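Spelled out, the chains give:
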Amino acid sequence: MDPELSPDQRLLRETAERFIEASLPLAKLRELIEAGGEVDPAYRREAAEVGWFAFLAPESLGGGSVSDAGVLDTVVLAELRGRYLQPGSFIDTNLAVATLSREGSEEQQAKILPDLIAGEAAVAWAVADPSGDWSGPAGVHAQAVPGGYRLTGRKGLVVEAQSAQWLLLTANTPEGPTQFLLPVSTPGVGVEELRGLDLTRRLCEVHLDGAVVDGSAVLGRPGQAGAAVDAQIRLAAVLGAAESAGAMQYLFDLTLQYCKDRVAFGRPIGSFQAIKHQLADSSLALEMSHAVVTAAAQAVAAQDRGDQEAARAAHAASLANAFVSDAAIELAHNCWQHFGGISYTWEHDFHLYLRRLTVDAALYGSPTWHRERVCQLSGV
Amino acid sequence: MASETAFGRPDPDEPDLEEYRLRARQWLAANLQHREAGPAGVVRGGGTHSAEEYLPERALQRKIYEAGYAGINWPKEYGGQGLSDAHARAFAREAAPYRMPDLGHAGGTTYGPVSQTLLRHASPDFLARHVPRILAGEELFVQLFSEPDAGSDMAGITTRAVRDDEGSGWLITGSKVWTSGASYADYGLCLARTNWDAPKHRGLTWFAVPMRGKGMSIRPVREITGAAEFCQEFLDEVWVSDDEVIGEVDQGWTVAQTMLLVERGAGRDDPVNMPETDPAGIDPFLVDLVRAAGRAQDPVARQALARIHTADWARGQLGRRITGLLRTSDKPASGIASYWKLAAGVYNPQRARLMLEIGQGQPLVWRDDAGQRAALEYLNSRVWSIAGGSNEMQRNAISERVLGLPREPSFDRGRPFSEVQRSAREWLEKN
Ligand SMILES: Cc1cc2nc3c(=O)[nH]c(=O)nc-3n(C[C@H](O)[C@H](O)[C@H](O)COP(=O)(O)OP(=O)(O)OC[C@H]3O[C@@H](n4cnc5c(N)ncnc54)[C@H](O)[C@@H]3O)c2cc1C
Ligand SMILES: Cc1cc2nc3c(=O)[nH]c(=O)nc-3n(C[C@H](O)[C@H](O)[C@H](O)COP(=O)(O)OP(=O)(O)OC[C@H]3O[C@@H](n4cnc5c(N)ncnc54)[C@H](O)[C@@H]3O)c2cc1C
């Protein structure tokens, strides 16, 4: 957690934490996982009352934030969601809220945005192709047809698309990348739910088999979606890193306590230097992760002030995501080691965190992808 | 907890500060020269310097002192200006483009950890005698802590101080080593044992020892880089007056805590001495290196370049977080500051290795400065992993003071030093 949170943000954090503890603590999440079930839509509506989907829309459109920078407030929530491994569309819906607020048509803002802010509907962001290229249009082609477009191709690593009402999708057109916001129920759209490493969320492949949409599904100007996708990547990279930092903190605290309590050779294992030093290294990785999340969130909050700020935000988001993703896996493996045999059990929470952190590290761009992006942004 | 070492006045009103800034700007423009491009600060391996080479630097320090810009946030009664930390920061920012005195390693210790420690622990009489001369560039202090047989275990030193026959001073005998800047310094802040029967940490005392005093011999030690920037000293009954004792006799461990804390980076004007790094600014030296190696399009080199930049930037942000934690956390500053020191000790070597990876052959053989600079950075990359508290000492501090993990069973704490020595000898004989 950022030591510099404002009183209002602290209150937001407390309220959101109470909501999670009451509605979906780890024990309940486990029941859902065992039953192969999904979280009730009421969870999303109640979360919306805490403001989960409101902070990136202006008040004039029914949103509003607790501090003057909605990104920073959203980061507070993202950390908590990571901490408690919360399922459901959060980052993706917030990206859509931000994009609609910036460049949605009046009709989109009137018809779709209120439902998203109220938690009545959720969005799945279909941006990566199945091989993990997050640059935007990869994988799907949009062909102009009378009155609209025909969409063909595949998107991968789409989070919780099976329960989303809307797809936020970027496709290639001859004029350039174009963004669409279309109902998941559009004929020709197929959502394939895949089994995967992370047990807390579902990742899907989205198939577009000649799905036809009319012009009202275009978000922003046709062929001009590059800037919108860049903005989404920045935001997703920061929020994804924040979720990881939250999960890392919980896992680290759990492990630290275990090392204080577990006795071997007549001493707590946390008194052996081999373990103490690894915990110190994990703790450094954790502190640096919190630090870069805060810095990147502040940079993204300031991105509209000018070209220099925009460039800083783009760099900072990718740097933060690359750093945290690597640090998260390193930390999780150290914890794995400290737990000994018990880490290998289904019952222990450790594996839920390992799974989530490993998948989070690849979502919204792998560290390798973000590092390459930093080189490109820097003109190297 | 940050107040453990800070000593400036509270921050002033903005208008006052603005006026000060403007005056400083004018004075700097009229009196100092612009510095050449490139990183400021002292690099190890830059070459072996003689005492004479530092005379012009000392003169420059005096000029700044006389104009009232030395010791800006140090107490007035000891020759400082008695202004706030914000004033000191404002001047430092204004002065960044100018060539400031380069007093080498001794300058770094004198105006950093040594003076901060003196200001907290030395007597008013001592401070009135030494601090104005320090600020005027007349007295440079080095750190006489480490010995051939005691480094990380600083409380294990065996240099001894005994009372002289007149009872007005002390005679110090022993050897110190790795003393950066000793070849041209004036004083050494020296840790010596004054009681061998007291528990190990309760028989230590600090002295200001004249480096040119009778009985002191100094031998340069050539470093890994080839340059001789630290020295070994042999002290043979070097006489030091009672007035030159810092803190209480036998209570030197308390003073040592301040010193170690400051060395880790807490309590400086800029608490972690870290520039705010620009996320969009990859170190231009590295970009040149990757281009010169013809590898700008090589994904392996690009990844390595971005890895360095990611870690550089993350360390800068860690500095900001530590500043916040020092203000808000209930954990001791001595533990929190260790994060910064450990980050330097862990990431500098990684950085240097990645740099070799990027530059391929260049840092191995060279005809230009870039290759040599990369090679030097490689050789210097473990300075902060070892000096001023090794990585392992920082990991101990973090795990015990911040994470609350138990200390390991110890063989020396609370036992008379003579006994500790005996049992260590037995241990060696058994194995
Ligand atoms: C897949 C699997 C299969 C297994 N099959 C069998 C089996 O068939 N039969 C059987 O009897 N057992 C079996 N085991 C148990 C296995 O041998 C133990 O898990 C192992 O010995 C570690 O003990 P522990 O789990 O109690 O961890 P602990 O001993 O509690 O160790 C926890 C952590 O503390 C560290 N640690 C402990 N002491 C020290 C010290 N002095 N210094 C530094 N670090 C220390 C450990 O290295 C570890 O990282 C199995 C375990 C696994 C994971
Ligand atoms: C470039 C440079 C400049 C220096 N300048 C100065 C100076 O100006 N003045 C001065 O007084 N000193 C100076 N030093 C000395 C420095 O402070 C010591 O080198 C440092 O404290 C380590 O001590 P040592 O070299 O004796 O190593 P040792 O203490 O012998 O350590 C050897 C290894 O053992 C490890 N180790 C030791 N104890 C433990 C433990 N309890 N648990 C786990 N691991 C342990 C250490 O981490 C290290 O890896 C300088 C050193 C260098 C490299």
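Owing to the predicted nature of the structure, the values given are computational and were not obtained by experimental measurement.

Brief notes about the packing of aromatic side chains
One pass over the full model with this rule turns up 26 aromatic pairs over all chains. Ring plane angle 10° and centroid distance 4.8 Å describe the contact between B:Tyr69 and B:Phe91, whose orientation is recorded as stacked. Remark: B:Phe91 occurs in helix α3 (residues 85-95) and B:Tyr69 occurs in the loop between α2 (55-66) and α3; sequence separation between them is 22 residues. Look at B:Tyr69 and you get buried, because its relative accessible area is 9%. Of the aromatic side chains, those joined through ring pairs into one cluster are A:Phe19, A:Tyr43, A:Trp52, A:Phe53 and A:Phe90. For the cation-ring pair, B:Arg373 lies above B:Phe285, with the distance from its terminal atom to the ring centre recorded as 3.9 Å.

Side note on the domain arrangement of chain B
All names here are of chain B. Taken domain by domain, chain B comprises domain 1 (14-104 + 115-138), domain 2 (143-250) and domain 3 (274-402). Computed over C-alpha atoms, the centres of domain 1 and domain 2 are 27 Å apart. Domain 1 puts 20 residues into the contact, and the matching count from domain 2 is 17 residues. Counting the surface lost from both domain 1 and domain 2, the interface buries some 1,400 Å², and carbon and sulfur atoms represent 50% of this. Counting across the interface, domain 1 meets domain 2 through 2 salt bridges. Residues Arg 129 and Glu 244 are paired through a salt bridge, measuring 2.5 Å at the closest nitrogen-oxygen approach. Secondary-structure elements contributing two or more residues to the side of domain 1 that touches domain 2 are α4 (104-121) and α5 (124-135). In terms of residue count, α5 provides more of the side of domain 1 that touches domain 2 than any other element does, 4 residues in total.

Notes on the environment of A:Ala332
Residues and elements named next belong to chain A. Relative to the elements of secondary structure, Ala 332 occurs in helix α10 (residues 307-339). For Ala 332, a relative accessible area of 1% corresponds to the buried category. Sequence separation between Ala 332 and Pro 146 is 186 residues; the distance between their C-alpha atoms is 52 Å. Residue contacts for Ala 332: discarding those within four places in its chain leaves Leu 251, Phe 350, Leu 354 and Leu 357.

Analysis parameters
Residues numbered from 1 in each chain as written. Chains lettered and ligands numbered in written order. Predicted model: local features only at pLDDT ≥ 70, side-chain atom pairs only at ≥ 80, totals over all residues. Heavy atoms only, no water. Phe/Tyr/Trp six-rings, centres within 6.5 Å; stacked < 30°, edge-to-face > 60°. Helix = DSSP H or I, 4+ residues; strand = E, 2+ residues; numbered from the N terminus. Buried < 20%, exposed > 50% of the residue type's maximum accessible area, 1.4 Å probe, protein only. Lys NZ or Arg CZ within 6 Å of the ring centre and 35° of its normal. Domains from an automatic or database assignment. Contact = heavy atoms within 4.5 Å. Buried area = accessible area lost by both parts, 1.4 Å probe. Salt bridge = Lys/Arg side-chain N within 4 Å of Asp/Glu carboxyl O.

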